[in-house]
Amino acid sequence: TVRCGAGVVLEQLNRFLRPYGRYFPPDPSSSSTTTIGGMLAVDAAGSHAISVGSTRDHVQEIELVTSQGELWRTRRSVSLSSSESPEFESLTLWQSDLIQQLRNLLQRYSAEIA
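Everything numeric here is computed off the predicted structure, so don't read it as measured data.

Criteria and thresholds
- Residues numbered from 1 in each chain as written.
- Predicted model: local features only at pLDDT ≥ 70, side-chain atom pairs only at ≥ 80, totals over all residues.
- Heavy atoms only, no water.
- Pairing = 2+ DSSP bridges.
- Helix = DSSP H or I, 4+ residues; strand = E, 2+ residues; numbered from the N terminus.
- pLDDT = per-residue confidence, 0-100.
- Contact = heavy atoms within 4.5 Å.
- Salt bridge = Lys/Arg side-chain N within 4 Å of Asp/Glu carboxyl O.
- Buried < 20%, exposed > 50% of the residue type's maximum accessible area, 1.4 Å probe, protein only.
- Core = buried A, V, L, I, M, F, W, Y, C linked by side-chain atoms within 4.5 Å.
- Patch = residues over 30% accessible without salt bridge, like charges linked within 9 Å, V, L, I, M, F, W, Y side chains within 5 Å.
- Areas by Shrake-Rupley, 256 points an atom, 1.4 Å probe, with all protein chains shown as cover.

Caption draft 1: View of the pairing of strand S2 (residues 71-75). Examined bridge by bridge, strand S1 (residues 61-65) and S2 share 5 bridges and lie antiparallel to one another. Residue pairing in the sheet places Glu61 in a bridge with Arg75 of S2.

Next up, the structure:
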């Protein structure tokens, strides 16, 4: 596992990981300029996506600051379909509203997403 910022360039990250025998698998063609944040934004994949998956398949956690100035941490275990999830027990009204909007979008476009 490695922790990095959104502005880290993929090629630089993989150069750092190489001595450890590791790399970040998604391989967009512009890896010399593509940032991890950009890869997250578009779920970048690359020519080996069939065998290695896309960016979302290799991210365990995202820490971000919202436009409201709140620090959010989201992990793969978070489920937007379950309001019973412990991660959702102490949300602000703004957070609850955002999550509800995401649920609505996921429901509305579920066929297209699938």
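Next comes the rest of the description.
Caption draft 2: Structural detail: the confidence of the model for the chain. Residue-level pLDDT values for the chain average 83, and 87% of them are 70 or greater. The least confident element of the chain, judged by mean pLDDT, is S2 at 82; the most confident is helix H1 (residues 10-17) at 95. Under a pLDDT of 50 for its full length, residues 82-86 has, in the predicted model, 4 contacts with residues more than four places off or in other chains.

Caption draft 3: Structural view of the pattern of salt bridges. Across all of its chains, the model carries 5 salt bridges by this definition. Put simply, Glu63 and Arg3 hold a salt bridge, and the shortest N to O gap is 3.2 Å. Of this pair, Glu63 sits in strand S1 while Arg3 sits in the segment before H1; the two residues are 60 residues apart in sequence, bridging distant segments of the chain. By relative accessible area, which is 35% here, Glu63 ends up partly exposed.

Caption draft 4: Just the nonpolar core, in detail. Core analysis: the biggest nonpolar cluster contains 8 residues, these being Leu10, Leu13, Leu17, Phe24, Ile36, Met39, Ala44 and Val59. Looking at this core, the element that brings in the most residues is H1, giving 3 residues.

Caption draft 5: Here's a closer look at a nonpolar patch on the surface. Together, Leu102, Leu105, Leu106, Tyr109 and Ile113 make up an exposed nonpolar region whose accessible area comes to about 450 Å². Here the element with the most residues in the nonpolar patch is helix H4 (residues 93-108); it accounts for 3 residues. Examined against the element boundaries, Leu106 turns out to sit in helix H4. Under the relative-accessibility criterion, Leu106 is labelled partly exposed at 41%.

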